[in-house]
Amino acid sequence: MTLHASYDPENIFAKILRGQMPCVKVYEDAVALAFMDVFPQSEGHTLVVPKAGMARNFLDMPGDWLGSYMLCVQKIARAVEAGLKPDGLRIMQFNGAAAGQTVFHLHFHVIPVWEGRELGRHGAGAMAKPDELEPVAAKIRAAF
Ligand code: AMP
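Since this is a predicted model, take the numbers as computed values, not measurements.

Conventions adopted
- Residues numbered from 1 in each chain as written.
- Predicted model: local features only at pLDDT ≥ 70, side-chain atom pairs only at ≥ 80, totals over all residues.
- Heavy atoms only, no water.
- Helix = DSSP H or I, 4+ residues; strand = E, 2+ residues; numbered from the N terminus.
- Buried < 20%, exposed > 50% of the residue type's maximum accessible area, 1.4 Å probe, protein only.
- Contact = heavy atoms within 4.5 Å.
- Areas by Shrake-Rupley, 256 points an atom, 1.4 Å probe, with all protein chains shown as cover.
- Pairing = 2+ DSSP bridges.
- Lys, Arg positive; Asp, Glu negative; His and termini not counted.
- Salt bridge = Lys/Arg side-chain N within 4 Å of Asp/Glu carboxyl O.
- Polar contact = N/O pair within 3.5 Å; in protein donor to acceptor, adjacent residues only side chain to side chain.
- Near = heavy atom within 4 Å.
- 1 Å grid on protein atoms, 1.4 Å probe; cavity = no way out; pocket = protein on both sides within 12 Å on 5 of 7 lines; lining within 4 Å.
- Sits in = over half its atoms within 2 Å of the grid points.
- Nonpolar A, V, L, I, M, F, W, Y, C, P; charged D, E, K, R; others polar.
- Points joined across faces, edges and corners; volume = space filled by probe spheres on them.

S.K.: Please explain the overall build of the protein as it appears in this structure.
M.R.: On a plain count of helices and strands, the protein comes out with three helices and five strands. Sequence-ordered secondary structure for the protein, helices as α and strands as β, is α-β-β-β-α-β-β-α. Overall, the C-alpha framework of the protein stretches about 40 × 30 × 25 Å when taken along its three principal axes. Across the 144 residues of the protein, 40% fall into the buried class. The long-range fraction of contacts in the protein, counting pairs at least 24 apart against all pairs at least 6 apart in sequence, stands at 61%. Working note: accessible area of the protein is about 7,700 Å², and carbon and sulfur atoms make up 57% of it.

Structural data, given as structure tokens:
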């Protein structure tokens, strides 16, 4: 059901894109906005949100926008890697509530992974405060 519903412009990421809700920003250009996940699964968990397309998920994204958006996802992933030096990175994306999607505006997760450190659960755990996220975001921003 949630895989095929219509786009709701009141979703939280649309509000962040419009500047109506705060975020700890990592990167912004004409194509996408990247910011820290407030329920990070690891230090540096970053979300990359496309500005155009009004797409709820990957299936909805108009092809014309996809290439530039995916380049942006890669750009953020490279900066996360360069800024935080993890041992690995997970790039994740969920489509529909049944698959674990909780915010219905397309986004990719960039999640740094360190050997011996367990990842938190998706969409669970304690909400991080902006002043905890900001120093990590600063390291990523410095790596572009
Ligand atoms: P998904 O479940 O794939 O739709 O991912 C949504 C992600 O957004 C989750 O990892 C949440 O922790 C994160 N999230 C929810 N609200 C906010 C917010 N206001 N700012 C930053 N991240 C958020």
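S.K.: I'm lost on the pairing of strand S5 (residues 108-113) in this one. Help?
M.R.: One face of the sheet, then the other: side chains in a regular strand alternate in exactly this way. With five of six residues buried, S5 lies mostly within the body of the structure. Strand direction decides the pairing type here: strand S4 (residues 88-92) and S5, joined by five bridges, are antiparallel. From the neighbouring strand, Leu-89 faces S5, where its bridge partner is Pro-112.

S.K.: Can you walk me through the side chain of Asp-37 in this structure?
M.R.: Relative to the elements of secondary structure, Asp-37 occurs in the loop between strand S2 (32-36) and strand S3 (46-50). With no salt bridge to any partner, buried Asp-37 finds its closest opposite charge in Arg-90, at an N-O distance of 13 Å. A polar atom in the side chain of Asp-37 sits 2.8 Å from the backbone nitrogen of Phe-39. In this structure, Asp-37 is in contact with His-45, Thr-46, Leu-47, His-109 and Leu-133, ignoring residues within four places of it in sequence.

S.K.: Looking at this structure, I do not really get the site of the ligand. What am I missing?
M.R.: Around the ligand, a shell composed of 17 residues is seen, among which Asp-37, Thr-102, Val-103, His-109 and His-122 lie nearest. In the model, an oxygen atom of the ligand is placed 3.1 Å from a nitrogen or oxygen of the Gly-100 main chain. Taking Val-103, its main chain carries an N or O atom lying 2.9 Å from an oxygen atom of the ligand. Mapping the ligand onto the cavity grids shows that it belongs to the largest pocket. Elements that contribute at least two residues to the shell around the ligand include exactly helix H1 (12-17) and S2. It is H1 that provides the largest number of residues to the shell around the ligand, a total of three residues. The class makeup of the residues in the shell around the ligand is 10 nonpolar, six polar and one charged.

S.K.: Sorry, what's going on with empty space enclosed by the protein here?
M.R.: If you walk through the whole model with that rule in mind, you get one cavity of 30 Å³ or more. Residue lining of the largest cavity: Ala-30, Val-31, Pro-50, Lys-51, Ala-52, Met-61, Trp-65, Ser-68 and Tyr-69, and that is the complete set.

S.K.: Would you take a moment to explain the pattern of salt bridges for this structure?
M.R.: Taken as a whole, this structure holds four salt bridges when the rule is applied. Between Glu-10 and Arg-18 there is a salt bridge, with its nearest N and O atoms 3.6 Å apart. Ionic pairing is found between Glu-134 and Arg-141, a salt bridge with its closest N-O pair at 2.3 Å. Assessed through its relative accessible area of 33%, Glu-134 is described here as partly exposed.

S.K.: What is the right way to read the environment of Gly-53 from this model?
M.R.: Relative to the helices and strands, Gly-53 resides in the loop between S3 and helix H2 (63-84). The spatial distance from the C-alpha of Gly-53 to the C-alpha of Leu-66 is 9.0 Å, given a sequence separation of 13 residues.

Fair warning: the whole summary comes from geometry, so function is off the table for now.
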